[in-house]
Amino acid sequence: MANNHFETVSIGNIQVHVLPSTKFKTTTFVAYIGQELKPETVTKTALLPAVLQRGTQSTPTTIELKRKLDDLYGAILFGDVSKRGERHLMEFGLEIANERYLQDKPALLEEGLSFFTEVLFAPATEGNGFKASYVEAEKKNLKQKIESLQDDKIRYAAQRMVEEMCKGEPYALFNHGRLADLEQLGATELYTYYQDVIRTCPIDLYCVGNVSTEQVVELLRDRLASQVTGQRKTYTLAPVVREVKEEKVVVDRLNVKQGKLNIGCRTQTEITSNDYPALVVYNGILGGFPHSKLFRNVREKASLAYYCSSRLESLKGLLMIQSGIEIGNFQRAVDIIKEQLEAMRQGRIDQQELEQTKATLTNAYKEQQDRSYELIHFHHQSVLAGQERTLEQMLQAIQRVSIEDVVRVAQKVQLDTIYFLRDQEGNADAKN
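Residues numbered from 1 in each chain as written. Predicted model: local features only at pLDDT ≥ 70, side-chain atom pairs only at ≥ 80, totals over all residues. Heavy atoms only, no water.

A. Structural context of the overall build of the protein chain. Regarding its fold elements, the protein chain presents 15 helices and 13 strands. Scaling as 2.2 N^0.38, a compact globule of 432 residues should have a C-alpha radius of gyration of about 22 Å, and the protein chain matches this with 23 Å. When the backbone C-alpha atoms are referred to their principal axes, the protein chain occupies close to 60 × 50 × 40 Å. Residues classed as buried in the protein chain amount to 56% of the 432 residues present. (Helix = DSSP H or I, 4+ residues; strand = E, 2+ residues; numbered from the N terminus. Rg over C-alpha atoms; globule rule 2.2 N^0.38 Å. Buried < 20%, exposed > 50% of the residue type's maximum accessible area, 1.4 Å probe, protein only.)

B. The sheet that holds strand 12 (residues 318-325), seen in detail. Taken in spatial order, the 5 strands make up an open sheet running 9-13-10-12-11, and their pairing is mixed. The open sheet has two free edges, formed respectively by strand 9 (248-253) and strand 11 (305-313), since each of these has just one partner strand. The average angle at which neighbouring strand axes cross in this sheet is 15°, direction not considered. As judged from the 8 bridges shared by strand 11 and strand 12, these two strands associate in the antiparallel manner. Bridged to C308 within strand 12 is S323. Most of the contacts of helix 9 (residues 276-288) go to strand 11, to which it runs at about 170°, and overall it touches strand 11 and strand 12. (Pairing = 2+ DSSP bridges. Axes fitted to C-alpha atoms, helices over the stretch in contact; angles between N-to-C directions. Contact = heavy atoms within 4.5 Å.)

C. Fine view of helix 8 (residues 213-224). For helix 8, with 12 residues, the first-to-last C-alpha span of 16 Å sits near the 16 Å given by 1.5 Å per residue. Taken residue by residue, helix 8 has T213, V216, V217, L219, L220 and L224 as its buried positions. In an axial view of helix 8, the angular spread of the buried residues amounts to 165°, which keeps them on one side of the axis. Exposed positions of helix 8 whose direction lies more than 90 degrees from the buried face are E214, E218 and D222. (Expected span 1.5 Å × (residues − 1). Arc of directions from axis to C-beta.)

D. Quick peek at the pattern of salt bridges. Using the criterion set out here, one finds 28 salt bridges in the structure. A network of salt bridges, in which partner residues are shared, links E86, E169, R242, R266, K316 and D416. (Salt bridge = Lys/Arg side-chain N within 4 Å of Asp/Glu carboxyl O.)

E. Summary view of the packing of aromatic side chains. Inspection of the entire model under this criterion finds 9 aromatic pairs. On the basis of an interplanar angle of 80° and a centroid distance of 6.0 Å, the ring pair of Y365 and F378 is categorised as edge-to-face. Of the two residues, Y365 sits in helix 12 (residues 351-367) while F378 sits in helix 13 (residues 372-385), which places them 13 residues apart along the sequence. There is no split in this pair, since Y365 and F378 are both buried. The ring of Y171 is capped by K83, whose NZ or CZ atom sits 4.2 Å from the centre of that ring. (Phe/Tyr/Trp six-rings, centres within 6.5 Å; stacked < 30°, edge-to-face > 60°. Lys NZ or Arg CZ within 6 Å of the ring centre and 35° of its normal.)

F. Region of interest: the packing of helix 9 against helix 12. At a minimum axis distance of 9 Å, the contact between helix 9 and helix 12 shows a crossing angle of 110°. Accordingly, the angle class assigned to the pair helix 9 and helix 12 is roughly perpendicular. Helix-helix and strand crossings are classified by hand; for helix 9 and helix 12 the assignment is right-handed. Seen from helix 9, the contacting residues are V280, V281, G284 and I285; seen from helix 12, they are E353, L354, T357, L361 and Y365. (Parallel < 35°, antiparallel > 145°, perpendicular 65-115°, else oblique. Left-handed = near helix turned anticlockwise from the far one by under 90°.)

G. Representation of the state of the cysteines in the model. One pass over the structure, following the stated rule, counts 0 disulfides. As a non-bridged cysteine, C308 has C265 as the owner of its nearest cysteine sulfur, 11 Å distant. (Disulfide = S-S within 2.5 Å.)

H. Representation of the side chain of T45 within the structure. Following the sequence through the fold, T45 ends up in helix 1 (residues 42-52). With relative accessibility at 0%, the residue T45 sits in the buried group. Within the structure, T45 has its side chain in polar contact with the side chain of Y193 (distance 2.6 Å). Not counting the four nearest positions on each side in its chain, T45 is found in contact with Q35, V81, H88, M90 and Y193. (Polar contact = N/O pair within 3.5 Å; in protein donor to acceptor, adjacent residues only side chain to side chain.)

What follows is the structure, encoded as structure tokens:
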């Protein structure tokens, strides 16, 4: 297996992670800025990446910024927000051609890093804040994004299930923020918040490509000298062990023809636990792949679902099951899903299921080596967890997982919330 070891160097409160590799013809920069998920900051945090991509001090207009990307041989700039566990992450990326593979050999690494750090640390401003026109435009875009959630019924049902399951917990917040916050949010307030984020929040800068760590770090030291502060805040994981006292059933009604059945479980297993690789295998056997129990039993055998799968939110200790069903099939679908959870607890897993899942997981992890962004994402998960588990270590751990290990984690999984999005007709009882 190729060496996918990131070399990490601290520059004040900023950690720089470099993966030198001859595999890629482009160089990828990614920056993560981690904020706690909190009601008072969730909307500001969601708005920042869009505003920062509008312009910098040297390219203050959108046209100038786009022209700069063209000058960098068609570089691609992107930014967004996500939540991982109870962290709200601002994510920025820049992908540029590697100068080693260009005929005229421009200093693209230096120019790309200069531009990328300017996007992060030297945004376009006016007076004591961001450009007001940019903030207002991006507030409209964010408002539309929040409002359009209900148009995507799969995403809407997933978010509603999380809101109900994690009521009172930061994770219940929607990563794109809240409509009620937008109207009063101004350019000066947002800029003050941005300055506080840069000064106090953990920042991780990644570089993957045919580069040397020394060169990248030297270029960044020059450009970050005025930005770094002393001590870096560390990420802390919220406890994932949360006893379920009773199952919740929540029914929402909208104008839909197909029901969305989402089930949330507490895994009670931390990502840093020795049981975590077994939990990953558990999810694969349960609902992670087309050969999994949920897909075979709910969709194929019973013909109850258009889709049925499961996924992990590893940093929060959650397992989420998603399915699309005919509205009248609610109870039968719930019963069969519960049967699969119970089959896992009882150890009704054959060796073929185990080996097929291990092989599929191994292929999926190995494919990450061919995508720079996924290598970065995998490594940053370790940063958030506060404990590095390399790709090689994860693959070895998966191969060691036995059926007994899977049963052990299965017996810790507790069903927490059943959420059903159904039509506006019929009885109030979700079963009818």
